[in-house]
Amino acid sequence: MNARKISILGSTGSIGRSTLDVVTAHPGKFDVVVLAAYSNTELLADQCRRFRPRYACLVDSSKINELRSRLGDLKVELLAGKEELVKLAGLDEIDLVVNAVVGAAGLLASLEALKKGKPLALANKESLVAGGPLFPEIIKKSGGKILPIDSEHSALWQSLTAGKKDEVRRLIITASGGPFRHLAADKFDAITPARALDHPTWKMGPKISIDSATLANKGLEVIEAVALFDMPVEKVSVVIHPESIVHSMVEYIDSSIIAQLSSPDMRLPITYAMFWPDRMPSEFGRLEIEQLSGLTFEPPDLQKFGALRLAFEVAKKGGTAPAVFNAANEVAVESFLSNSIKFTEITDIIDRAVETIDLVSRPELEDILEADRWARELAHQIVESSTC
Ligand code: NDP
Ligand code: MG
């Protein structure tokens, strides 16, 4: 079999680097044609030297000359700007697109890849959260397919092969609970970015690490599951599982629960998505089950972690509500990371945005982009008035 031609959007991030590990672990299986990042010229140049893509794209065009000089006389076509990223996602010669961009900035690239009928290995959950209502029609027309990389959705996808859709009682998404599971709610105001970034079981990029600390990440994943598997939110539950070994489960109508287990290593779900429908010999995430001392589960505390409660409400509202939730959260997380707001204000900002939304129930792309713009503006206003 010829090597599959792939593009990796967000190649310099945590998932992007893990994807390149998977490529390296399977010599001859993939030909990296596109590498794209936002502004990290040093790492992108280094990746270009190692993987020799035909195209390298930097979304921050002000850094393109820096990238050019780092690459010297290496033969690679350089592109700059967000429009180029989107074009590259739909490039004819590509067999598989990996979207590992962070935030709703990845949405248009996801849509473009699917419009062109490509398989899309999707880490960028914000695409599905913000643009959920847009995907079914595009996929129906083009024959494109979403191959989820998010570990919980990979686990659900794998567990869903054990039965039929109408035999599913519920999808059970596991959550580690983040670093503040045991911290009293009245101590949340004092949480610093450094503490929130220190996740107990996963090493990830900064945005998703903060999302995991507020449980907004689990909220995004609930909305992602609703969109991805076309399930009503009433059939989606979240359970806290601090060991991060069971990555999610499907409960069927006969009360059987089917789960997927592994050590927490994103390279396993990435491998599964990249080789689907086949399974490849691989050691990433291998679990010595004999060494496990126990697996524990408990319900989430929706009072303490209001972002998760809000996500369930937003998933029920549908339409542009998830786009607003997501955009407000993105601004709030950036503001927390730059010490402009307190940890607790992240959830407050999401709450204000979803309370004041002017909901569009059956949105087109324009409505979603407008909801995203509006929520960002509102969130920025709230941040500016913060006393932090
Ligand atoms: P990182 O912050 O580590 O990496 C983000 C990547 O996206 C970088 O390559 C970055 O480039 C690029 N990027 C940032 N902003 C833009 C933009 N506006 N346009 C285009 N590219 C951009 O994030 P993660 O790898 O942690 O997460 C990526 C996605 O995967 C997120 O949606 C996250 O929720 C999801 N995910 C991540 C998991 C993990 O373990 N990390 C697990 C499950 C899902 P540069 O380096 O130049 O800034
Ligand atoms: Mg996840």
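Residues numbered from 1 in each chain as written. Chains lettered and ligands numbered in written order. Predicted model: local features only at pLDDT ≥ 70, side-chain atom pairs only at ≥ 80, totals over all residues. Heavy atoms only, no water.

Draft legend 1. Molecular detail of empty space enclosed by the protein. With the rule as written, the count across this model stands at 1 cavity of 30 Å³ or more. The computed volume of the largest cavity comes to approximately 40 Å³. Every residue along the wall of the largest cavity is listed here: S151, S154, Q158, W202, H247, Q260, S262, S263, D265 and P269. With 3 residues, helix α8 (residues 151–159) is the largest single contributor of residues to the lining of the largest cavity. The class makeup of the residues in the lining of the largest cavity is 2 nonpolar, 7 polar and 1 charged. (1 Å grid on protein atoms, 1.4 Å probe; cavity = no way out; pocket = protein on both sides within 12 Å on 5 of 7 lines; lining within 4 Å. Points joined across faces, edges and corners; volume = space filled by probe spheres on them. Helix = DSSP H or I, 4+ residues; strand = E, 2+ residues; numbered from the N terminus. Nonpolar A, V, L, I, M, F, W, Y, C, P; charged D, E, K, R; others polar.)

Draft legend 2. Main features of the nonpolar core. Ranked by internal contacts, the top residues of the largest apolar core, which has 127 residues, are L9, I149, L171, F229, F343 and I346. Residues contacting I346, with those up to four places away along its chain left out, are I210, T214, N329, A332, V333, F336 and I341. (Core = buried A, V, L, I, M, F, W, Y, C linked by side-chain atoms within 4.5 Å. Buried < 20%, exposed > 50% of the residue type's maximum accessible area, 1.4 Å probe, protein only. Contact = heavy atoms within 4.5 Å.)

Draft legend 3. The site of ligand 1, seen in detail. Taken together, 25 residues surround ligand 1, and among them T12, I15, S39, N40 and E126 come closest. Taking I15, its main chain carries an N or O atom lying 2.9 Å from an oxygen atom of ligand 1. Contact between ligand 1 and V102: an oxygen atom at 3.5 Å from a main-chain N or O atom of the residue. Calculation on ligand 1 without its partners gives an accessible area of 900 Å², and the protein chains cover 87% of this total. Every element with two or more residues in the shell around ligand 1 is listed here: α1 (14–25), α6 (125–131) and α10 (206–214). Per-class residue counts for the shell around ligand 1 are 13 nonpolar, 9 polar and 3 charged. (Near = heavy atom within 4 Å. Polar contact = N/O pair within 3.5 Å; in protein donor to acceptor, adjacent residues only side chain to side chain. Areas by Shrake-Rupley, 256 points an atom, 1.4 Å probe, with all protein chains shown as cover.)

Draft legend 4. Looking closely at the packing of α10 against helix α14 (residues 321–337). As a packed pair, α10 and α14 sit with axes 10 Å apart at the nearest point and diverge in direction by 100 degrees. The orientation of α10 relative to α14 falls into the category roughly perpendicular. On α14, the residues that touch P206, K207, I210 and D211 of α10 are N326, N329, E330, V333, F336 and L337. Considering only residue class, the contact of α10 with α14 consists of 5 nonpolar, 2 polar and 3 charged. (Axes fitted to C-alpha atoms, helices over the stretch in contact; angles between N-to-C directions. Parallel < 35°, antiparallel > 145°, perpendicular 65-115°, else oblique.)

Draft legend 5. View of the sheet that holds strand β3 (residues 55–58). On the basis of which strands lie adjacent, the open sheet formed by 7 strands has the order β4-β3-β2-β1-β5-β6-β7 and parallel pairing. A single partner strand is all that each edge strand has here, and the edge strands are β4 (77–80) and β7 (145–148). With direction set aside, neighbouring strand axes in the sheet form an average angle of 20 degrees. Relative to β4, β3 runs parallel, the two sharing 4 bridges. The residue bridging C57 from the neighbouring strand is L79, located in β4. (Pairing = 2+ DSSP bridges.)

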